[in-house]
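Results of the structural survey
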Amino acid sequence: MILEVVFLLSMVLGGSALIQVAGARGLGVPVLGAVAGLALYLCIGALQVLTPITTTPLLTMILTAAIPSALWLWRRFRGAVLPVRPLWAGIIVAGVVAAVALFRALPQVAWSYDSLQYLLNGSLIANNSITIATSGLLPKRLIGVPELHAAANLGGEYYVQSITPLISVLVLALLSWMLWESLATRLNKRALLLLIVGGVLFLVSMNRFVFHAFYLNGHLLFALLMLVIVGGGWMLVSTESVSKTALVTAMALSIGAVVFVRAESPILVFLVLLPVIVDRSVSVLHKSILLAILGVATIAWQLFMAAVYRADGLSVEFSVWGLLAFGVLMLAAIPLLRWNLLMKRGRMLLLLAEALLWVALIVLALREPLILRESLSATFQNVVMGAGSWGVSLILLAVLLVVASFIAVPNSVNLRFPLTSFVPLGFLLAYLRDAAYRVGDGDSLNRMWIQLVPVALFYVLIALGVGQWRRSSTVSQAKPSSVANKA
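Nothing here was measured: the structure is a model prediction, and the numbers come from that model. (Residues numbered from 1 in each chain as written. Predicted model: local features only at pLDDT ≥ 70, side-chain atom pairs only at ≥ 80, totals over all residues. Heavy atoms only, no water.)

Thoughts on helix H2 (residues 28–50)
Helix length check: H2, at 23 residues, gives a terminal C-alpha distance of 32 Å against a target of 33 Å (1.5 Å per residue), a fit within 8%. Residue Ala34 marks the point of greatest curvature in H2, where the axis turns by about 25°. Within H2, 21 of the 23 residues are buried, leaving the element largely enclosed by the surrounding structure. (Helix = DSSP H or I, 4+ residues; strand = E, 2+ residues; numbered from the N terminus. Expected span 1.5 Å × (residues − 1). Bend = angle between axes of the 7 residues up to and from the residue. Buried < 20%, exposed > 50% of the residue type's maximum accessible area, 1.4 Å probe, protein only.)

Side note on the confidence of the model for the protein
Close inspection of predicted coordinates is inappropriate in any region flagged by low pLDDT. A residue-level look at the protein finds 96% of positions with pLDDT of 70 or above and a mean pLDDT of 89. Within the protein, the lowest mean pLDDT, 48, falls on helix H24 (residues 470–473), and the highest, 95, falls on helix H12 (residues 244–258). Confidence over residues 471–487 falls short of pLDDT 50; this stretch has 26 contacts with residues more than four positions distant or in other chains. (pLDDT = per-residue confidence, 0-100. Contact = heavy atoms within 4.5 Å.)

A closer look at the packing of aromatic side chains
The final tally for this structure, using the stated rule, is 9 aromatic pairs. Where Phe211 meets Tyr215, the ring centres are 5.0 Å apart and the plane angle is 35°; that geometry is what we call tilted. The partly exposed category is assigned to Phe211, whose relative accessible area is 27%. A relative accessible area of 5% places Tyr215 in the buried class. Their ring planes at 90° and their centres at 5.9 Å tell us that Phe260 and Trp301 sit as a pair that is edge-to-face. (Phe/Tyr/Trp six-rings, centres within 6.5 Å; stacked < 30°, edge-to-face > 60°.)

The following block contains the structure:
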């Protein structure tokens, strides 16, 4: 238990120190800090895997706490106003101890064959033996989720019992904080609290959210990091109450971490990040940092994958070379961020990117129609007919998204584009894996929907909180903050 508490506190307190240095204040420090600390832990762990440094989780924990703490002390020594909050620190420590005690006393775990493969990678990481992992293990499972459970091996266990449930709690806390910061100046406290409570209850009443809160897999971790990237990107251009440096710090760490969670992460991250990249109100420096992190992390992992294939005496998969080229392209695109003529056509670039996804899907469907036909049929069975164990939750959320599309939301493209672009991308992934999706709650796409559910819900709640019907918004100019800057 003590090891698990130390493991969690290294992330929460280390991330909180880093986010406070970046300018966050109030509840943003523990909430955004916990996410940043989790992402920092994954990034440091990945650096250990990709370099000759030992991969023991003990070093990962030490660095996750020590690096932000050293930066915090240095900034404080230089005169920065970084107040110490003993009460908040005590609450955080007590909360972590209570959570660990609860989930160790009442272990509730959902697992599958995939889970066992994640835990095998975690054991290899903990024993500094990840280099013996084969090409049949690393390319599909990667190292993000294994890193989180590797620490349990130090205490003779196979997985950290509290980490997955606590990630679900962090999703709820982050969603609530982002809504509060975004809507505090637009709604009275009672209405805002009702909106936040309604959103939280919607998530916790969702069968698949509860399932993933105890499932040894990476979907809810991915959902958390996506919420930071998409929601943080929207807040970056739509709110003034949160430090932009703190938001970019959390986003950058989340981008670096998510690349090591799922194989398709680089492409999906680029798509959800694209509205921020083409937004002229975001500084070139911030855009460059985000693209650089994405490019470097992608290149580093794909080079490592190429080495794994070579070590197994196999030819390197085309997907590895393709993503390696994609990472290089991300770095090469950074100088283009200063090209004003290109940035002025940001909306056109978004339309073009989404159109290209649909064109690619149509072309592949014409060549192999059976994969798309079976995937659409399975998705209908899973989402609409109940085979995916979603009940009516996804249908209801889809209806709410349609309603939200008729509401004028500031910079709505930042929230809308990641959702609509995922539809063709999701079915394109079926072709990339050369197999149609299947009926059942264990289907890959059926599990992937949860990754964007928090983002979709954030969009709906923001629309309810700040938007006006598009027709009325053109008439009323009394509240300019509720009129879309970019619909």
